[in-house]
Amino acid sequence: MSTDAPRRHPRLFSIPSSAPFVAVLADALLDGVLVEGFAPRGDPLRLATATVYLPTRRAGRLLAEALRQRMGAGVTLLPRIVPVGDVDEDALAFAETFTDPPRAVPPTTRRLALASLIRLWRRALAGDDGRTAVAAGPGAEFALADELARLIDEMVAQEVPWERLDTLVPGEHDRYWDMALDFLKIARAFWPGFLEEQGQVDAAVRRDQLIAAEAARLANTPEGGPVIAAGSTGSMPATARLLATVAHLPRGAVVLPGLDFALDEPSWAGLTDEETSAPSHPQYGLALLLKRHMRVPRDAVRELAPSAAHGRESLLSEALRPVASTEQWASLSDRLGPAAIDAALAEVSVIEAEDAREEALAIALALREVLEVPGRTGALITPDRDLARRVAAELLRFEVAIDDSAGEPLSESGPGRFARLVADACRDALAPLPLSALLRHPLARFGLERATLNAGADALEMMVLRGPRPAAGASGLTEAVAGFNPSDFHPRDPRARLGEERRTLAEALANRLAAALAPLLALGEGEHPFAALLEAHRAAIAAAWSGPEADGPGIDSPAEATALAELARAFEALAEGAAHAPAMTLADYAAALVLLLSSQPVRPPLVPGARLRILGPLEARLVGVDRVVLAGLVEGTWPNAVRADPWLSRPMRAALGLEAPERRIGLSAHDFAQGCGAPELVLSYPRKLGGAPTVPSRFLQRLAAVSGEARWKAAIARGDRFRRLAGFIEEEPPAARIARPEPAPPVELRPRQLSVTEIETWLRDPYTIYARHVLGLAPLDGLDEAPGAGERGSAIHDALGTFAQAFPEALPEQAEAALLAFGRRAFAPLERFPAEHALWWARFERLVPRLIGWERARRTRTRRVFAEKYGRLALAGGRFTLTGRADRIEQLSDGGLAILDFKTGAVPTAKQTAVHYSPQLPLEAAMAAEGCFPDVPGEEAAALAYIRLGTAEVKEVNAVDKETTAAGLATDTLARLQTLIAAFENPSRGYASLARPMFGGRYGDYDHLARAKEWSTGGEGEE
């Protein structure tokens, strides 16, 4: 029997948005209102003869609970509750009874196969120069595959045959659309063939087959038990036909959500009129359902419950009325009356937050307030998942758990992140950053107990992961560990104090890492079949996660256990479709993994007895709560921005007969109107997102327009209460401003030996000397810290020093070649950083001729050159030792010494040296005069100079001004040092932080320890 031939006047009902949908539905079912003669409230067995179709599984659980509560104590057989599978539902309960082949293609298989097809198309479009007209990379390919899959489903759902593509005329569109059309014609031929070969169909086709089979079964068994379909808007033709079948059954009934009876009849009729059609209107889908499928007027629908006393439905109907009739807003006050508008807005609050952070906290407070009254319930409804997670996190500060039905993407769960870290570490050939993140993940084991792994990871990080990166791959890591020598580091460096036990732990862990990740590391070069990458990745995950049985699996919560099970299912789905995926490099696979896992949600276990919920707009239709917060009400979020289709332009979609993109706006508008029916309503939006101003949602702007300025300001004032509470929570109590630290340790703990370079630090920032020598602290290198200017300067100093030591008097004939040879040896350690080495070596090569020219000019005035000389000078009666390594000391032909210091960075001025801010060269001169440098004659200094080595210049900067001499400056500086030493022998003299902060940018290793940013920031009117 055809489902398009109704046998009786349909039974249609509606529940207003202000009434609790599930509760009203349950009462109507039990009291015989929906189906005449079927009132099973007093008969717990009779209820089981009914069938109820609902949009989602969650709605089914809510109805089952409502029926159990109303049937009282004892045994009750519930009706057959079936989730029909509206646009967001991926399965149908009656699929188990429909066994006809073929089965639906798994979503992951389809995604991989379509991505492979797009890869072939993209490469076929490549020109002779290798450039492509379509974005490359796994991200672009999977994004296009998802859009293609969405288009396939859309054409199935709207019953648009692919043959209509032939009606589109090439050349009438932009060149890109012609290219896309050509590809769609290829896909039209490829995809059905692929499905036929696999013995499968698209999930949307299977869904429509199931719905059609169920509709046919119902039509052919009209005398069966009661059948009720509730909560669906019939947005898909197949679902609409099922609703029509149910409505026309002798014992059938359809309950629509929030049908608008307040909209005037001309405007209602215009919603579906061809000339005035309004797909962006919230009632468009329901109007189309009644006109096209039910073939009845609106007044044939009966309301099951009266609207709430606030009467907000009428105001929402006016606010969201079609654009063509908005001139009626001028008479709104006369038609509704000021009292009705006041009542509709009395319990409405509007939160105008400054940003997303303030919005989340204000919403959390609005929801927490619900819990202060026993039995009250609240819900956050938003399509913005980031905002939902923020609110859930803010509620944790009050120890309030909220039932979030959407969960989080698998890629962001603990197991999902672990899988991604394994792939990232192998993609980057065990680079320090991803490797360190992997070792610190709670699921990482590598066959070790957690305490042993942590100790080994600490040692491995100290030995080879901090500072310059070791050579790539497992061999580079193990060789770096094997070659580690504590004696290579300064005694203050923590690496110099690593004991044998910790080094053994690091070596063992490096070997375990190499073995566990070897399968995936081996695929680091070139493209490989997706199946090979997936298999190696799974093996690496298993090896990285395995640990001692007694240590447990590292799963700390039921949510993580659920996520781990979802990860296993996701990998099984990937394995099932791997044969159809495009070949990839390991880098592309690691990038694609985020996309492949993010589409799979991980829903946490239900929170028993939760009175607060986070709901998506679809499932919120049927949930009744006391306070509803509609949040994220900005354009682009609610409603979502109209998404451009990468495969079909708007005119092409219209020519094919596909719905306009504005249809999604109509669905969002219906969800908004449904949410506004709660007894207490909070509307929220941020003025800024990501630092950029937002545009309030069009729904919010329309509601503000019909409310009137005074009423809307009152609603905003009510919302500001939550903002003020948020401000009180965020406000920190006044705290006393901390003073500049000036620790004064006992004299016997103070340093008794400093180098000439540290004297400058002692003058400018004594706290650094305290931290370095009294506390014995040394700054750690960063993870994977590339060589910087310091390493470049050291290489140049080394080259110049060894060159001067080899030729202390006369230069060789091939001086440039000799200096280049010394430079190659000095720069050799930097060869493992190809980019830096190539840049710096090229600069050094350009500098060499100028250096040799400068050397030849200097040698005309010198008898001998001494380079890299280390010396010691006892001061303060032997209680203090000054040490120094002079870059270069020249014995001048006309007597005296010249003390030179090479600088690859900023050079101190003569004035800075004269006022003793830069005492290095004067102190070296004083040491030389005392004969502290071996082999250097103990003569007074005649000249002090810095030699600035730029990118292509050698420039001398005299360190002595015209008013003094080098010898005099050396004597004066040494005397001042003696005074400084004596001052710090006073137990009350402390090591102040940043005592002379001029040129403070050159310091900072210990500023965080001294909390410099706290005490040095002045208030208004202060320095």
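Everything quoted here is computed from the prediction, not taken from an experiment. (Residues numbered from 1 in each chain as written. Predicted model: local features only at pLDDT ≥ 70, side-chain atom pairs only at ≥ 80, totals over all residues. Heavy atoms only, no water.)

**Points about the overall build of the protein**
Secondary structure summary: the protein contains 35 helices and 26 strands in total. In terms of C-alpha radius of gyration, the protein reaches 39 Å, well past the compact-globule figure of 31 Å for 1023 residues. Counting only C-alpha atoms, the protein reaches 120 × 65 × 65 Å along its principal axes. Counting only residues that meet the buried cut, the protein has 51% of its 1023 residues in that class. A total of about 45100 Å² of accessible surface is found on the protein, and carbon and sulfur atoms cover 53% of it. The centroid of the 114 positive side-chain charges in the protein is displaced by 1 Å from the centroid of its 135 negative side-chain charges. (Helix = DSSP H or I, 4+ residues; strand = E, 2+ residues; numbered from the N terminus. Rg over C-alpha atoms; globule rule 2.2 N^0.38 Å. Buried < 20%, exposed > 50% of the residue type's maximum accessible area, 1.4 Å probe, protein only. Areas by Shrake-Rupley, 256 points an atom, 1.4 Å probe, with all protein chains shown as cover. Lys, Arg positive; Asp, Glu negative; His and termini not counted. Charge placed at Lys NZ, Arg CZ, Asp CG, Glu CD.)

**A word on the pairing of strand β18 (residues 680–686)**
Most of β18 is tucked away, with 7 of its 7 residues classed as buried. The alternating pattern of β18 places E680, V682, S684 and P686 on one face and L681, L683 and Y685 on the opposite face, and all of these are buried. Bridge analysis of strand β9 (residues 348–353) against β18 gives 6 bridges, and the strand direction is parallel. Bridge assignment links A353 to a residue of β18, and that residue is P686. Pairing analysis gives 4 bridges linking strand β17 (residues 627–630) to β18, with the strands arranged parallel. Bridge pairing links L630 to L683 in β18. (Pairing = 2+ DSSP bridges.)

**Topic: empty space enclosed by the protein**
Under the counting rule described, the total for this entry stands at 4 cavities of 30 Å³ or more. Around the largest cavity, the lining residues are V747, R750, P751, R752, W762, F880, I981, F984, E985 and Y991. Classifying every residue of the lining of the largest cavity by side-chain character gives 7 nonpolar, no polar and 3 charged. Estimated volume of the second largest cavity: approximately 50 Å³. At the level of secondary structure, the elements contributing two or more residues to the lining of the second largest cavity comprise α9 (284–294) and α24 (662–675). A total of 4 residues in the lining of the second largest cavity trace back to one element, the largest contributor, which is α24. Per-class residue counts for the lining of the second largest cavity are 3 nonpolar, 4 polar and 2 charged. (1 Å grid on protein atoms, 1.4 Å probe; cavity = no way out; pocket = protein on both sides within 12 Å on 5 of 7 lines; lining within 4 Å. Points joined across faces, edges and corners; volume = space filled by probe spheres on them. Nonpolar A, V, L, I, M, F, W, Y, C, P; charged D, E, K, R; others polar.)

**Considering the side chain of S325**
Inspection of the secondary structure puts S325 in the loop between α10 (312–319) and α11 (332–336). Within the local environment of S325, its side chain forms a polar contact with the side chain of R321, the two groups lying 2.8 Å apart. (Polar contact = N/O pair within 3.5 Å; in protein donor to acceptor, adjacent residues only side chain to side chain.)

**A short note on the pattern of salt bridges**
One pass over the structure, following the stated rule, counts 70 salt bridges. Put simply, R466 and E461 hold a salt bridge, and the shortest N to O gap is 2.9 Å. What you see here is one network of salt bridges that share partners, running through E352, E354, E358, R687, D720 and R723. (Salt bridge = Lys/Arg side-chain N within 4 Å of Asp/Glu carboxyl O.)

**A closer look at the packing of aromatic side chains**
Summed over all chains, the structure comprises 20 aromatic pairs. Considering the side-chain rings of Y767 and Y770, the 5.5 Å spacing of their centres and the 55° angle between planes classify their relative orientation as tilted. Pair noted here: Y767 and Y770 are both in helix α28 (residues 766–774), with a separation of 3 residues, about one helical turn. Residue classification places Y767 among the buried positions, given a relative accessible area of 7%. Classification of Y770 as buried rests on a relative accessible area of 14%. Here the aromatic rings of F803 and F822 are separated by 6.2 Å at their centres, their planes lie at 80°, and the arrangement is edge-to-face. Pair noted here: F803 is in helix α29 (residues 789–806) and F822 is in helix α30 (residues 815–827), with a separation of 19 residues, a long-range link. Accessibility assignment for this pair places F803 and F822 in one class, buried. Feature note: the residues W762, Y767, Y770, F880, F984 and Y991 constitute an aromatic cluster, connected by ring pairs. (Phe/Tyr/Trp six-rings, centres within 6.5 Å; stacked < 30°, edge-to-face > 60°.)

**Some details on α10**
Counted residue by residue, α10 has 7 buried out of 8 residues, so it is predominantly covered. Packed against the buried residues of α10 are α11, α12 (338–345), β9, α24, β18 and α25 (698–707). (Contact = heavy atoms within 4.5 Å.)

**Here we look at the sheet that holds strand β10 (residues 378–381)**
Here we have 6 strands laid out as an open sheet, ordered β9-β18-β17-β10-β16-β11, and parallel in their pairing. In this open sheet, the two strands that pair with only one neighbour each are β9 and β11 (403–404). As paired strands, β11 and strand β16 (residues 612–615) are joined by 2 bridges and run parallel to one another. Counted as the bridge partner of D403 is R613 from β16.

**Some details on the nonpolar core**
Counting 96 residues, the largest nonpolar core has F446, L460, L517, F530 and W647 as the members making the most contacts within it. Every residue in contact with F446, bar those within four places of it in the chain, is listed here: L438, L439, L453, R512, L513, A516, L517, A543, A544 and S546. Of all hydrophobic cores here, the second largest spans 44 residues; its members include F880, A941, A970 and Y1006. (Core = buried A, V, L, I, M, F, W, Y, C linked by side-chain atoms within 4.5 Å.)

**Description of the sheet that holds strand β7 (residues 252–257)**
The strand order across the open sheet built from 6 strands is β3-β2-β6-β7-β1-β8, with neighbouring strands paired in parallel fashion. Taken across any chain shown, the strands that pair with only one partner, and hence form the sheet edges, are β3 (80–83) and β8 (302–303). Along the sheet face, α9 touches β1 (12–15) and β7 and points at about 155° away from the line of β7. (Axes fitted to C-alpha atoms, helices over the stretch in contact; angles between N-to-C directions.)

**Things to note about the packing of helix α15 (residues 414–427) against helix α22 (residues 586–598)**
Relative to each other, α15 and α22 sit at 165°, their axes nearing to 8 Å. Looking at the two axes, α15 sits roughly antiparallel to α22. The crossing of α15 and α22 is left-handed. Across the interface between the two elements, G416, A419, R420, A423, D424, C426 and R427 of α15 pack against L586, A587, A590, L593, V594 and L597 of α22. Residue classes in the contact of α15 with α22 are distributed as 9 nonpolar, 1 polar and 3 charged. (Parallel < 35°, antiparallel > 145°, perpendicular 65-115°, else oblique. Left-handed = near helix turned anticlockwise from the far one by under 90°.)

**Notes on the confidence of the model for the protein**
For residues with low pLDDT, the predicted coordinates do not support detailed interpretation. Of the residues in the protein, 93% reach a pLDDT of 70 or more, and the chain-wide mean stands at 87. The least confident element of the protein, judged by mean pLDDT, is helix α32 (residues 910–914) at 79; the most confident is β9 at 96. Segment residues 86–93: pLDDT under 50, and 24 contacts once partners within four positions in sequence are set aside and those in other chains are kept. Counted against residues more than four places away or in other chains, residues 1019–1023, with its pLDDT under 50, gives 4 contacts. (pLDDT = per-residue confidence, 0-100.)

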